[in-house]
Number of protein chains: 2
Amino acid sequence: MIDELKKYIEIVDNALDKYLPDESSYPQIIHESMRYSVFAGGKRIRPILCLKTCEMVSGDYTVALPVACAIEMIHTYSLIHDDLPAMDNDDFRRGKPTNHKIYGDAIALLAGDALLTHAFAVLNNYALQNPNKKILEAIEVIAKAAGTEGMIGGQVVDIIYQGKSIDEKTMYYMHNHKTGALIKASVLSGAIIGGADDVQLNALEKYADYLGLAFQIMDDVLDVIGNEKQLGKPVGSDAKNNKCTFVSIYGLDKARQLVQDFTKEAVEALSIFGEKSSFLREFVIYLSKRKA
Amino acid sequence: MIDELKKYIEIVDNALDKYLPDESSYPQIIHESMRYSVFAGGKRIRPILCLKTCEMVSGDYTVALPVACAIEMIHTYSLIHDDLPAMDNDDFRRGKPTNHKIYGDAIALLAGDALLTHAFAVLNNYALQNPNKKILEAIEVIAKAAGTEGMIGGQVVDIIYQGKSIDEKTMYYMHNHKTGALIKASVLSGAIIGGADDVQLNALEKYADYLGLAFQIMDDVLDVIGNEKQLGKPVGSDAKNNKCTFVSIYGLDKARQLVQDFTKEAVEALSIFGEKSSFLREFVIYLSKRKA
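Residues numbered from 1 in each chain as written. Chains lettered and ligands numbered in written order. Predicted model: local features only at pLDDT ≥ 70, side-chain atom pairs only at ≥ 80, totals over all residues. Heavy atoms only, no water.

Enquirer: Lay out the overall build of chain A in plain terms, naming residues and giving numbers.
Expert: A tally of helices and strands in chain A yields 15 helices and two strands. In terms of overall size, chain A behaves like a compact globule, its C-alpha atoms giving a radius of gyration of 18 Å where 292 residues would be expected to give roughly 19 Å. With respect to the three principal axes, the spread of C-alpha positions in chain A is 50 × 50 × 35 Å. By residue count, 59% of the 292 residues in chain A fall in the buried class. Within chain A, contacts between residues separated by at least 24 positions form 72% of all contacts whose residues are at least 6 apart in sequence. For chain A, the accessible area works out to roughly 11,600 Å², and carbon and sulfur atoms hold 49% of it. Mean positive and mean negative side-chain charge positions of chain A (32 and 39 charges, respectively) differ by 2 Å. (Helix = DSSP H or I, 4+ residues; strand = E, 2+ residues; numbered from the N terminus. Rg over C-alpha atoms; globule rule 2.2 N^0.38 Å. Buried < 20%, exposed > 50% of the residue type's maximum accessible area, 1.4 Å probe, protein only. Contact = heavy atoms within 4.5 Å. Areas by Shrake-Rupley, 256 points an atom, 1.4 Å probe, with all protein chains shown as cover. Lys, Arg positive; Asp, Glu negative; His and termini not counted. Charge placed at Lys NZ, Arg CZ, Asp CG, Glu CD.)

What follows is the structure, encoded as C-alpha cells:
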C-alpha cells in the first residue's frame, strides 16, 4: 500500500507541476504563493481517489490526470481561504506556516482565488482539447461539490454554528458537505471519466460517502488523541475553538467505533468490483488507521 | 441609448435572478449574501458588452445570456474580495455597505468564492446542454481573463505597488489586467458565441482594449472630480491610499484627454461593422461621458 501510494503521490505531484502556472511568470509572487500551498505536503487523497477509481473502471488512470489535479487545486484553495484570519485564523498547516503567514492576507486570498479559477481553466481546456461529454459531466459534478450545494455550504454551516451547540443532523450536513462533497466528487469524477455505468456509479457513491464520513470522524479523533508532530498542527484546536465535532457529540469511544463501522460499509460497497477494487478497499482501511 | 441600456439591464437582471441559486436554499445566508452584491446596483457593463457584441455578430443576444451572467458573477466576486479588510478594506460600494459590512468577513469571503464557483458551474452546464465548441472557447477566454494572466495578475500588481511609485509600463499592465481583461473577455466571449470570424475578433479585441483603458482612466478621473453621491463612494480614495493612477502620473488634463483619444480609437476599431455597430459605438462614448 505505502509503495503504491508513494508512486501515485509522485504521479500527482508531477502532473500538478505541469498544470500549474510557472513560478517565473509575472507577477511571480502569486504563482509562488499558489505553488507554496499546493506543494506543502498534502496527502493527495482526493486526486489519488480520482485516478485509482478511473483506473479501476477503465484500466487507465492517465485520462483522469487533469481532473485529479483540478480537484487538488480546489482543495488547496479551500484550505488557504479557511486558514485566513477572516475564517479560522490558523498559523500552521501540515507543520508549515500557512499561506498568509508567508505571503500576507491579500496575496493568500488571491492565491486561493487563482487556484479555484485555474482549476476550472484546466478542466475546461481538457474538455476543449477532447470533445467528450464525459469530461463536461465530470466538471458538473466537481462544480456542484465545490459550491454552496457542497463544500462552501458546509463551511457556511461551520461558521454559523461556531461556539453554538448543534444537533446530530446539522453536524452530518456540515461534514458531508465541508469534507465529504469533494471526496465524493473525486471518486465520481474519476468513475465518470473512466466510463462507469449507473450501477458502478451508485456503488462508488456509497463507497465515497462512507469513506468521507470515516475520514472526517478520524480527523476529529486525531484532533484529540493525535501527535502534534505527526499532524503538523496543534491538537485540541477543535475544543479550543468550541467546535462541534463527532467526538464532542458522541465521545471518543463511539467516534472511534464509527470510523470502523463506516470503513466496513465503504469496503462492502465495493463488492461488485471484486478483486479490481483492492486498492480502493485497502485505501479506506489505511485511512481509518492513519496517525495524521 | 438610455432606453436601450435600461432594457438590457433588465434582461441581465432577470437572467441573473434565474441563474443564481435561490435565496431560500439552505444555507440561506450564503445565497442572500451572493445576491446582495450581485443586485447592489451594478451598471452591468460587462454582460451588456457580451450580449450586444453577440447580437451585432449573430443577430441574437439570447445565446450569450448564460455567458454574460457568469461574467457578471465573476466581476461581482472580485469586488467582494477587493472590498475585504485583507484587501482594500472598503465600507461602501455604489452607496451601499459592502458585503462584509453586512454579512461579516467570513461569509463575504465565501460568497465571493461561491460566485466564482457558480459562474463556472453555469458556464459548464451551458456547454453540457449545448454541444458546441464555441461555448468551450468562450469559457477559455473568460477563465484566462479571470486568472493570474488577467484580472488576478492586475490585482496582485496593484497590491505589490501600493504606496510605491510605479512606471508607466507597470501602470498599463495593472489596469489592462485588473479591469481591462474581463472587459475584453466580455466582448470576445460574446463575439465567439455569436460566431465571429478572425477579422471581426481582431477588430473587437482592439475596440475592447481601448474601451477598457478609457473606462479605467475615467474611473481615476472620477475619483478626483466626481460627485460622492452619484459615485456612491468617497472621492479621493486613490490619493488617500497612495494609489498610482493615470491622474497621479499624467495629471488631470492629460488623463481626460486620454479618455477622449482612446474612446475615438475604440470607435474607429468598429468601422468594419458599419451601422450594425451603432450600439457598441454609442456605448463607449456614453461611458466616456459618465458621471459615476
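Enquirer: Describe the packing of aromatic side chains, and please don't skip the residues or the numbers.
Expert: Residues and elements named next belong to chain A. Summed over all chains, the structure comprises 17 aromatic pairs over all chains. Ring geometry for Phe 279 versus Phe 283: centroids 5.4 Å apart, planes at 25°, classification stacked. Linking Phe 279 with Phe 283, this pair stays in helix 15 (residues 278–288), spanning four residues, or about one helical turn. For Phe 283, a relative accessible area of 2% puts it in the buried group. Members of the aromatic cluster, each reached through a chain of ring pairs, are Tyr 172, Phe 246 and Tyr 250. Residue placement shows Lys 52 over the ring face of Phe 279; its charged tip is 4.7 Å from the ring centre. (Phe/Tyr/Trp six-rings, centres within 6.5 Å; stacked < 30°, edge-to-face > 60°. Lys NZ or Arg CZ within 6 Å of the ring centre and 35° of its normal.)

Enquirer: Describe the relation of the copies chain B and chain A, naming the residues involved and giving the relevant values.
Expert: When chain B is fitted to chain A, the best match, at an RMSD of 0.0 Å, comes from turning it 180° and sliding it 0.0 Å along the axis. In symmetry terms, the pair is related by a two-fold rotation axis. A shared binding surface is used by both copies, with 100% of the interface residues of chain B retained as interface residues in chain A. (Least-squares fit on C-alpha atoms with pLDDT ≥ 70 in both.)

Enquirer: Any chance you could break down the nonpolar core for me, citing the residues and the numbers?
Expert: Counting residues in hydrophobic clusters, the biggest one holds 176 residues, and the most contacted among them are Ile 74, Leu 204 and Tyr 207 of chain A together with Ile 74, Leu 204 and Tyr 207 of chain B. If we ignore the near neighbours within four places in the chain, the residues touching Ile 74 of chain A are Leu 116, Ala 119, Phe 120, Ile 142, Ala 146, Met 151 and Leu 182 of chain A. (Core = buried A, V, L, I, M, F, W, Y, C linked by side-chain atoms within 4.5 Å.)

Enquirer: Talk me through the interface of chain B and chain A; I want residue IDs and the actual numbers.
Expert: Taken together, the 46 residues of chain B in the interface contact 46 residues of chain A. At the boundary of chain B with chain A, total buried surface from both sides reaches about 3,700 Å², with 75% on carbon and sulfur atoms. At the junction of chain B and chain A, the tally comes to zero salt bridges. At the junction of chain B with chain A, the criterion picks out eight residue pairs in polar contact (both at pLDDT 80 or more). Where the side of chain B that touches chain A is concerned, the elements lending two or more residues are helix 2 (28–38), helix 4 (65–83), helix 6 (105–129), helix 7 (133–146), helix 8 (151–160) and helix 9 (168–193) of chain B. Of all the elements, helix 6 of chain B adds the most residues to the side of chain B that touches chain A, at 15 residues. Considering only residue class, the side of chain B that touches chain A consists of 31 nonpolar, 10 polar and five charged. (Buried area = accessible area lost by both parts, 1.4 Å probe. Salt bridge = Lys/Arg side-chain N within 4 Å of Asp/Glu carboxyl O. Polar contact = N/O pair within 3.5 Å; in protein donor to acceptor, adjacent residues only side chain to side chain. Nonpolar A, V, L, I, M, F, W, Y, C, P; charged D, E, K, R; others polar.)

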